[in-house]
Number of protein chains: 2
Amino acid sequence: MLDIKAIVFDLYGTLFDVHSVATACEAVAPGRGMELSQLWRQKQLEYTWLRSMMGQYLSFEQATADALDYCVARLGLPADAGQRATLCDAYLALQPHAEVPAALQELNRRGIPLGILSNGSVRSIAAVVGNAGLAERFRHLLSVEPVQVFKPDPRVYALGEDAFGLGRQHILFVSSNAWDATGAGHFGYPTCWVNRNGANTFECMGSRPTLEVRGIDAILASDAWRLAA
Amino acid sequence: MLDIKAIVFDLYGTLFDVHSVATACEAVAPGRGMELSQLWRQKQLEYTWLRSMMGQYLSFEQATADALDYCVARLGLPADAGQRATLCDAYLALQPHAEVPAALQELNRRGIPLGILSNGSVRSIAAVVGNAGLAERFRHLLSVEPVQVFKPDPRVYALGEDAFGLGRQHILFVSSNAWDATGAGHFGYPTCWVNRNGANTFECMGSRPTLEVRGIDAILASDAWRLAA
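Residues numbered from 1 in each chain as written. Chains lettered and ligands numbered in written order. Predicted model: local features only at pLDDT ≥ 70, side-chain atom pairs only at ≥ 80, totals over all residues. Heavy atoms only, no water.

Engineer: For the overall build of chain A, give the residues involved together with the corresponding values.
Structural biologist: Along the backbone of chain A there are nine helices and ten strands. Relative to the compact-globule value of 17 Å for 229 residues, chain A shows a C-alpha radius of gyration of 17 Å, a close match. Dimensions of chain A along its principal axes, counting C-alpha atoms only, are 55 × 35 × 30 Å. Relative to its full complement of 229 residues, chain A shows a buried share of 56%. Across chain A, every contact between residues at least 6 apart in sequence was considered, and the portion connecting residues at least 24 apart equals 63%. Within the structure as shown, chain A displays about 8600 Å² of accessible surface, and the carbon and sulfur contribution to it stands at 49%. Taken as two groups, the 19 positive and 23 negative side-chain charges of chain A have centres that lie 3 Å from each other. (Helix = DSSP H or I, 4+ residues; strand = E, 2+ residues; numbered from the N terminus. Rg over C-alpha atoms; globule rule 2.2 N^0.38 Å. Buried < 20%, exposed > 50% of the residue type's maximum accessible area, 1.4 Å probe, protein only. Contact = heavy atoms within 4.5 Å. Areas by Shrake-Rupley, 256 points an atom, 1.4 Å probe, with all protein chains shown as cover. Lys, Arg positive; Asp, Glu negative; His and termini not counted. Charge placed at Lys NZ, Arg CZ, Asp CG, Glu CD.)

Engineer: Break down unusual backbone geometry for me, with residues and values.
Structural biologist: Of note, the amide linkage connecting lysine 151 of chain A to proline 152 of chain A takes the cis form, showing an omega dihedral of 5°. Following the sequence through the fold, proline 152 of chain A ends up in the loop between β6 (140-143) and α7 (154-164). Notably, glutamine 148 of chain B is not glycine yet its phi reads approximately 55°, a positive angle. In this fold, glutamine 148 of chain B is placed in the loop between β6 (140-143) and α7 (154-164).

Engineer: Explain the layout of surface pockets residue by residue, including any values.
Structural biologist: Residues and elements named next belong to chain A. If you add up the space inside the second largest pocket, you get close to 150 Å³. Every residue along the wall of the second largest pocket is listed here: Tyr12, Gln44, Phe60, Glu61, Thr64, Ala65, Cys88, Asp89, Tyr91, Leu92, Arg123 and Ser124. Elements with a minimum of two residues in the lining of the second largest pocket: α3 (60-75), α4 (81-90) and α6 (122-131). Of the residues forming the lining of the second largest pocket, the biggest block, four residues, is contributed by α3. Looking at the lining of the second largest pocket, its residues break down into six nonpolar, three polar and three charged. (1 Å grid on protein atoms, 1.4 Å probe; cavity = no way out; pocket = protein on both sides within 12 Å on 5 of 7 lines; lining within 4 Å. Points joined across faces, edges and corners; volume = space filled by probe spheres on them. Nonpolar A, V, L, I, M, F, W, Y, C, P; charged D, E, K, R; others polar.)

Structural data, given as structure tokens:
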């Protein structure tokens, strides 16, 4: 049985719903808000991967803004600079998934140290977590900024191990992004894949998640590990 | 004016139509052949990027087969191992785009050295080019195999410069994949983006193509450069 002494969460998509921005998207693209939101998310990720590979790192916020520029051009939307800024700001006020606040509170109560490891900048992570009133739940808010490369580069995953001062086998890495769980698994973390609607398909890249759950509350109930600080 | 002394082409999508496999896909997924073909191509690319970032390189053929496994699971297709192998084999018999054979012949006639720089393995590149009867058109068929990482890592683009023994400013890099043209541009090649149907949108990642064309025959007519061996 795994001996889990800390839990590190992905931020975007895992604790917070990236499609919270769909409402703001709908205002800019009536009838096409979810289409814009989905394409924007896809491009945002592609730009983090491609920028990393090209050695052309820039902040997650800038990658997000660049991805929006692409989407606006591709979908032929009449979105001016002000509207684009409003959309990008919506990424700082994402809503947590429904089960998240209570599950984090219970993990706190049990004394398990929690962290976030995110592509976002230090500033963005603090804004998103703070806007949701969840800042006090976490011991470490870890950004990729120090390593200037995005997930799934192994230098990013090493930040969690370094911050907690624990061997990777004792840190549970939790992500709803299958490619992120795959990267964390190749790095050596036990992984929990949050397949929230149960309809997603895990990636076929040589690593399977240790556990698949429907929401992060299931972490508390699993017999795949022992949770103890 | 640019002084172009050699031309390096991307293979998949640029000289050859990756959606040639849609017919084979249609046989496996009746009524959904193009949907499968498009998702498969998207996942194939994602797997090359993510595998590169994770330091988990494998051959392009294996990434292609893994991407197909994902697609079959996600789309819920009843495709057995034999059908999957048939689909993967279709990637070795892609059709060249219509204007390609004559344009390559004319570039040969003018004495411009040509090359291919592709994510594919040595074996796959030879098979695709050979099946189309185009092997004699190229001085160099360059695979990512020696560097064990995929595009757009700069180590891949350096293979073209090394093979031709020319400074990068004298090598025109031609791709229909906007992310590939972006990577080549960041590396320092003059770039030609083949926007074949004219409806694609270039990526917003800090590099614009030197020239945008509708087909590779337009390379011969451009006044953006002088072509001379």
